[in-house]
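Examination of the molecular architecture
Each chain, written out:
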Amino acid sequence: MPKYVIEREIPEAGNLSGEQLKGISQTSCGVLLNMGPQIQWVQSYVTGDKIYCIYIAPNKEMILEHARQGNFPANSVNEITAIIDPTTAE
């Protein structure tokens, strides 16, 4: 199943408290539960003004629907075509 990276522009995301991040996570998990097992949240990376999320889903439309239902921004949704790391150089 395809894997996607979602860029979410959230001003001051890097300053969100642990409780705020917990609330966002709970909202996301609630939406995912309602949407069914085809869409899965892998993990997210919080930066200064953005959150980058990794999801597994059958298509981009399902990612956008999750964002709509959770009232999350999805400024960019891109399918991951390859994963590289230092071992790729070997």
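Look up: the structure comes first, before these words.
A few points on the structure. (Residues numbered from 1 in each chain as written. Predicted model: local features only at pLDDT ≥ 70, side-chain atom pairs only at ≥ 80, totals over all residues. Heavy atoms only, no water.)

A word on the pairing of strand 1 (residues 3-9)
- Pairing of strand 1 with strand 3 (residues 50-56), which is carried by seven bridges, proceeds in the antiparallel orientation. Across the sheet, the residue bridging to R8 is I51, located in strand 3.
- With four bridges joining them, strand 1 and strand 4 (residues 76-79) adopt antiparallel strand pairing. Counted as the bridge partner of Y4 is E79 from strand 4. (Pairing = 2+ DSSP bridges. Helix = DSSP H or I, 4+ residues; strand = E, 2+ residues; numbered from the N terminus.)

Structural notes on the packing of helix 1 (residues 18-35) against helix 2 (residues 60-70)
- Here helix 1 crosses helix 2 at 125°, and the two axes come no closer than 9 Å. Accordingly, the angle class assigned to the pair helix 1 and helix 2 is oblique. The handedness of the crossing between helix 1 and helix 2 is right-handed. Side by side, helix 1 and helix 2 meet where T27, S28, V31, L32 and M35 of the first sit next to M62, E65, H66, Q69 and G70 of the second.
- Counted by class, the contact of helix 1 with helix 2 contains four nonpolar, five polar and one charged residues. (Axes fitted to C-alpha atoms, helices over the stretch in contact; angles between N-to-C directions. Parallel < 35°, antiparallel > 145°, perpendicular 65-115°, else oblique. Left-handed = near helix turned anticlockwise from the far one by under 90°. Contact = heavy atoms within 4.5 Å. Nonpolar A, V, L, I, M, F, W, Y, C, P; charged D, E, K, R; others polar.)

Comments concerning unusual backbone geometry
- For E12, which is not glycine, the phi dihedral falls at a positive 65°.
- Counting through the fold element by element, E12 comes out in the loop between strand 1 and helix 1.
- Given a relative accessible area of 46%, E12 falls into the partly exposed group.
- A positive phi angle, near 60°, is found at N71, a position not held by glycine.
- Classification of N71 as exposed rests on a relative accessible area of 69%. (Buried < 20%, exposed > 50% of the residue type's maximum accessible area, 1.4 Å probe, protein only.)

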